[in-house]
Amino acid sequence: MSDDQPTDPDLPSNPLSDGRTLRYPRSGRGLEFDRVANFSDAVYAIALTLIALELHPPTLDFEGDATELLHKLGAMSDEIIIFFVAFAVMGSYWLANHRFVATLRSMDSAYVSWTLPYLAWVAFLPFPADAMGRYFENPVAVSLFAVNVAMVSLLEWVLLWRAHRSGLFFRPLTPAAYRWASLGSLAPVAVFLLSIPVMWIDTVLGLAVWGLSVPVGIYLKSHAPKPEGDDGRKGDVAA
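Novice: I'd love a proper account of the overall build of the protein, names of residues and values included.
Specialist: For the protein, the count of helices and strands is nine helices and three strands. Each helix (α) and strand (β) of the protein, taken in turn from the N terminus, gives the series β-β-α-α-α-β-α-α-α-α-α-α. Sorting the 239 residues of the protein into buried and exposed places 41% on the buried side. Nonlocal contacts in the protein, meaning residues at least 24 apart in sequence, comprise 70% of its contacts between residues at least 6 apart. Here the protein displays about 13700 Å² of accessible surface, and carbon together with sulfur accounts for 66% of that area.

Below, the structure is given as structure tokens:
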């Protein structure tokens, strides 16, 4: 069913139905598409704020003692570093979600339903991030963060699968583009899960394994399929 059906100008636009699931188009006067996108942004904004709120300035015995402050800030170095690591990880996922939603012409009720567990794991991230900052040398704390991020990536792929299956993209993905986009979502799952046994040897080494996501991402980007656009020019892959 087309998303461009005529509607009564005196009535609010209704979600379209294909007989099995409701579909919420991006365009028109309905708010459903924007509500889901704005809700996702709000969850990310709150989660990113919460990891910053877990950082507290040290308490000094003598407020004017610069040496004491430097010493206590040094003792907080793990927490400060983990804050920036967690912020970078969560920020990269927000950017990916932002780019992904920009390629959608509509959402359906199943896609919206899958968004909730995806955002639940995003909202949970500040907890393992705080635990990792406090107990960085404890492999359980760091592994918990790795599992959380792996779940975000896995559910990111589920949203991609649902959008591809339901034809929610402005430009449908070719089989090659879908495989490439799937690899982009599932590769971090493998990297973060593979880092967990390494954490039990050395947490710093396990953290270094996370860095494999960077060259993997660069490789995937350099090998992105280049489908033909509608006008015959090379177009972008929705991912």
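From this point, things continue past the structure.
Novice: I'd love a proper account of the packing of helix 5 (residues 126–134) against helix 6 (residues 139–166), names of residues and values included.
Specialist: Contact geometry of helix 5 with helix 6 gives a least axis separation of 8 Å together with a crossing angle of 155 degrees. Relative to helix 6, the element helix 5 lies roughly antiparallel. In terms of crossing hand, the pair formed by helix 5 and helix 6 is left-handed. Taken together, the residues of helix 6 that come into contact with helix 5 (itself represented by Phe-127, Pro-128, Ala-129, Ala-131 and Met-132) are Ala-141, Val-142, Leu-144, Phe-145 and Asn-148. Class assignment for the residues of the contact of helix 5 with helix 6 results in nine nonpolar, one polar and no charged.

Novice: Any details on the side chain of Ser-182? Residues and values, ideally.
Specialist: Mapping Ser-182 onto the fold places it in helix 7 (residues 175–199). For Ser-182, a relative accessible area of 9% corresponds to the buried category. With near-sequence residues (within four places) excluded, Ser-182 lies in contact with Trp-157 and Leu-160.

Novice: Requested: an account of the pattern of salt bridges, with residues and values cited.
Specialist: Evaluated as defined, the whole model comprises two salt bridges. With a shortest N-O distance of 3.1 Å, Asp-108 and Arg-162 are connected by a salt bridge. Taken together, the residues Asp-108 in strand 3 (residues 106–108) and Arg-162 in helix 6 connect sequence positions 54 residues apart. The exposure class assigned to Asp-108 is buried, which follows from its relative accessible area of 0%. Residue Arg-162 is classed as buried on the basis of its relative accessible area, which comes to 14%.

Novice: Any details on helix 1 (residues 32–53)? Residues and values, ideally.
Specialist: With 22 residues, helix 1 extends 31 Å between its outermost C-alpha atoms, agreeing within 8% with the 32 Å of an ideal straight helix rising 1.5 Å per residue. What helix 1 keeps buried is the set Phe-33, Val-36, Ala-37, Ser-40, Val-43, Tyr-44, Ala-47, Leu-48 and Ile-51. Along the axis of helix 1, the buried positions cluster into a sector of 125 degrees, meaning they face one direction only. Of the exposed residues in helix 1, the ones pointing more than 90 degrees away from its buried face are Arg-35, Ile-46 and Leu-53. In this structure, the buried residues of helix 1 make contact with strand 2 (22–25), helix 3 (77–102), strand 3, helix 4 (109–124), helix 5 and helix 6.

Novice: Describe the nonpolar core, naming the residues involved and giving the relevant values.
Specialist: Residues Phe-100, Leu-104, Tyr-111, Tyr-118, Phe-145 and Trp-210 are the most contacted members of the largest nonpolar core, which totals 52 residues. The set of elements that each furnish at least two residues to this core consists of helix 1, helix 3, helix 4, helix 5, helix 6, helix 7 and helix 8 (203–210). Setting aside residues up to four positions removed in sequence, Tyr-111 forms contacts with Phe-100, Val-101, Leu-104, Leu-159, Arg-162, Ala-163 and Leu-168.

Novice: Describe a nonpolar patch on the surface, with residues and values.
Specialist: On the surface, Leu-69, Leu-70, Leu-73, Ile-80 and Phe-84 cluster together into a nonpolar patch covering about 450 Å² of accessible area. Listed by contribution, the elements that provide at least two residues to the nonpolar patch are helix 2 (66–75) and helix 3. Residue position: Leu-69 is located in helix 2. Look at Leu-69 and you get partly exposed, because its relative accessible area is 32%.

Cut-off values and rules
- Residues numbered from 1 in each chain as written.
- Predicted model: local features only at pLDDT ≥ 70, side-chain atom pairs only at ≥ 80, totals over all residues.
- Heavy atoms only, no water.
- Helix = DSSP H or I, 4+ residues; strand = E, 2+ residues; numbered from the N terminus.
- Buried < 20%, exposed > 50% of the residue type's maximum accessible area, 1.4 Å probe, protein only.
- Contact = heavy atoms within 4.5 Å.
- Areas by Shrake-Rupley, 256 points an atom, 1.4 Å probe, with all protein chains shown as cover.
- Axes fitted to C-alpha atoms, helices over the stretch in contact; angles between N-to-C directions.
- Parallel < 35°, antiparallel > 145°, perpendicular 65-115°, else oblique.
- Left-handed = near helix turned anticlockwise from the far one by under 90°.
- Nonpolar A, V, L, I, M, F, W, Y, C, P; charged D, E, K, R; others polar.
- Salt bridge = Lys/Arg side-chain N within 4 Å of Asp/Glu carboxyl O.
- Expected span 1.5 Å × (residues − 1).
- Arc of directions from axis to C-beta.
- Core = buried A, V, L, I, M, F, W, Y, C linked by side-chain atoms within 4.5 Å.
- Patch = residues over 30% accessible without salt bridge, like charges linked within 9 Å, V, L, I, M, F, W, Y side chains within 5 Å.

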